[in-house]
Amino acid sequence: MTKWPELAREIADTVLFPVADSVDADGEIPSSHFDALAADGFYGIAALGEGGPSSEELVEVLETLCGGCLATTFTWMQHHGVVGALAASTNTSLREQYWDGLVSGTIRGGVAYAGAIPRPPLLWAKRVNDGYVLDGIAPFVTGWGIVDVLLVSARDEFDNSIVHSVVPVGEAPGLTIEELPLIAARGSNTVRIVFDAFEIPDTDVCAVVSDEQFQSTQLPGLWLNGAMAMGITRRAVTELADLGVDADAFEEQAARARADLDAALRGGDMSTARARASELAIRASAALVTATGSRALVGSNTPERLMREATFTLVAAGRPEIKTALVERLSGY
């Protein structure tokens, strides 16, 4: 049986973390990082079903890898949205076109959900003969130039359904790409995409689902994305201990924050749980900066990188309810 957390720790400690500061400074992720994940089967985790890691193992994997290199892990995490969508798709020819490569990691995927989520949406789909035309914006798309295919989600202007399609990544008529200069995880190549009468043939449509079905898939994603903040806290705690600082209080708080996230997946308050995780990442990273001293004020070091990455989690992969809960926590309510 594959011991996924142990494999993740090996990759995080020997491949990702040793060069995380330089990846952050250069804004470029070595392809060897993704090759290492592919070699150990991490690109196919979402295809394993019950034969894959348990939910507890999965979040441990994500937290460990995020604590190794957030840019790499944030980019890799998007891939599983494509795998999951194709696994459930009735478009067998589309699935067969990409499936083996996605599972092995020779084809790498990204997602563009954010245009379909807001009300009103930012990205619309209009039905035409033999397909759809997309107009609007996908505001936050990770992995441009790194991934090979993109799962694009848009809201049908007629019946409010969600159209999911899998399209090759690259220059194409109807696409305008704007690079986003992120404060952290810059190597993730996150961009804003403007769609102007971009054509999607029916052969590229993965699924068309109701708004209710789409909303039901959001909670697991919010839970999994909490691993970014938890992974940063993990790394900050490790670094504090290496400095000789007693970090037991942070470890206890991290255990409670993880328990809150897991409880939220079973019906608790996900917004509060996500807010607590990001606030903890901020405090643990601030403690590391403080304990490190003036060296942390010089660029390209782990404490200041973790501080920026913790700030990144305040907003990235968030929702208005999470942001509201965070502001309340940070203002001392």
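On a predicted model such as this, the values are computed, not experimentally measured, just so you know.

Caption draft 1: Focus on the overall build of the protein. When its secondary structure is counted, the protein shows 12 helices and eight strands. In summary, the protein has a C-alpha radius of gyration of 20 Å against a globular reference of 20 Å for 333 residues, a match within 12%. For the protein, the spread of C-alpha atoms along the three principal axes comes to 65 × 45 × 40 Å. Across the 333 residues that make up the protein, the buried fraction comes to 51%. Expressed as a percentage of contacts within the protein between residues at least 6 apart in sequence, the contacts between residues at least 24 apart total 74%. Of the side chains in the protein, 24 bear a positive and 45 a negative charge, and the two mean positions are spaced by 5 Å.

Caption draft 2: Focus on the nonpolar core. In this structure, Phe-42, Leu-65, Trp-76 and Phe-312 are the most contacted members of the largest nonpolar core, which totals 60 residues. If you tally residues by element for this core, the top one is helix H8 (residues 218-242), at 10 residues. Membership of the second largest hydrophobic core comes to 20 residues, among which are Ala-125, Val-163, Val-167 and Val-191.

Caption draft 3: Focus on the pairing of strand S7 (residues 191-201). Sheet analysis places strand S3 (residues 131-141) next to S7, joined by eight bridges and oriented antiparallel. Its bridge partner lying in S7, Ala-138 is registered against Ile-193. Looking at chain direction, strand S6 (residues 175-179) and S7 are connected through five bridges and run antiparallel. Paired with Thr-176 across the strands is Val-194, a residue of S7.

Caption draft 4: View of empty space enclosed by the protein. One pass over the full model with this rule turns up two cavities of 30 Å³ or more. Each pocket or cavity is described by its volume, and for the largest cavity that value is around 50 Å³. Together, Ala-20, Val-23, Asp-24, Cys-69, Leu-70, Ala-71, Ala-185, Arg-186, Gly-187, Arg-305 and Glu-309 line the largest cavity. The set of elements that each furnish at least two residues to the lining of the largest cavity consists of helix H2 (20-26), helix H5 (70-87) and helix H11 (302-313). With three residues, H2 is the single largest residue contributor to the lining of the largest cavity. Here the residues of the lining of the largest cavity are counted per class, giving six nonpolar, one polar and four charged. Its boundaries defined by the atoms lining it, the second largest cavity holds a volume of some 30 Å³. As for the second largest cavity, its lining consists of Phe-34, Tyr-43, Thr-75, Trp-76, Arg-108, Gly-109, Ile-146 and Val-147. A class-by-class count of the residues in the lining of the second largest cavity yields five nonpolar, two polar and one charged.

Caption draft 5: Region of interest: the pairing of strand S2 (residues 123-128). Both S2 and S3 contribute to a ladder of six bridges, which runs antiparallel. Bridge pairing links Val-128 to Gly-131 in S3. Between S2 and S3, which pair antiparallel in sequence order, lie two residues; one of them, Asp-130, sits at a positive phi of approximately 65°. Two strands pair when backbone bridges link them, and S2 and strand S4 (residues 149-156) are joined in this way by two bridges, in the parallel orientation. Looking at the pairing, Trp-124 lines up with Arg-155 of S4.

Caption draft 6: Expanded view of the pattern of salt bridges. What the rule picks out here adds up to 17 salt bridges. Residue Glu-178 pairs with Arg-192 through a salt bridge whose shortest N-O separation is 3.1 Å. Taken together, the residues span a long stretch of sequence, with Glu-178 in strand S6 and Arg-192 in strand S7 at a distance of 14 residues. You can call Arg-192 partly exposed: its relative accessible area is 27%. In this structure, Arg-305 and Glu-309 form a salt bridge, with 3.2 Å as the shortest nitrogen-oxygen distance. Here Arg-305 pairs with Glu-309, and both are found in helix H11, just four residues apart, close to one helical turn. Taken individually, Arg-305 and Glu-309 each receive the classification buried, so the pair is uniform in this respect. Through salt bridges with shared partners, a single ionic network connects Glu-63, Arg-234, Arg-258 and Asp-262.

The rules we used
- Residues numbered from 1 in each chain as written.
- Predicted model: local features only at pLDDT ≥ 70, side-chain atom pairs only at ≥ 80, totals over all residues.
- Heavy atoms only, no water.
- Helix = DSSP H or I, 4+ residues; strand = E, 2+ residues; numbered from the N terminus.
- Rg over C-alpha atoms; globule rule 2.2 N^0.38 Å.
- Buried < 20%, exposed > 50% of the residue type's maximum accessible area, 1.4 Å probe, protein only.
- Contact = heavy atoms within 4.5 Å.
- Lys, Arg positive; Asp, Glu negative; His and termini not counted.
- Charge placed at Lys NZ, Arg CZ, Asp CG, Glu CD.
- Core = buried A, V, L, I, M, F, W, Y, C linked by side-chain atoms within 4.5 Å.
- Pairing = 2+ DSSP bridges.
- 1 Å grid on protein atoms, 1.4 Å probe; cavity = no way out; pocket = protein on both sides within 12 Å on 5 of 7 lines; lining within 4 Å.
- Points joined across faces, edges and corners; volume = space filled by probe spheres on them.
- Nonpolar A, V, L, I, M, F, W, Y, C, P; charged D, E, K, R; others polar.
- Salt bridge = Lys/Arg side-chain N within 4 Å of Asp/Glu carboxyl O.

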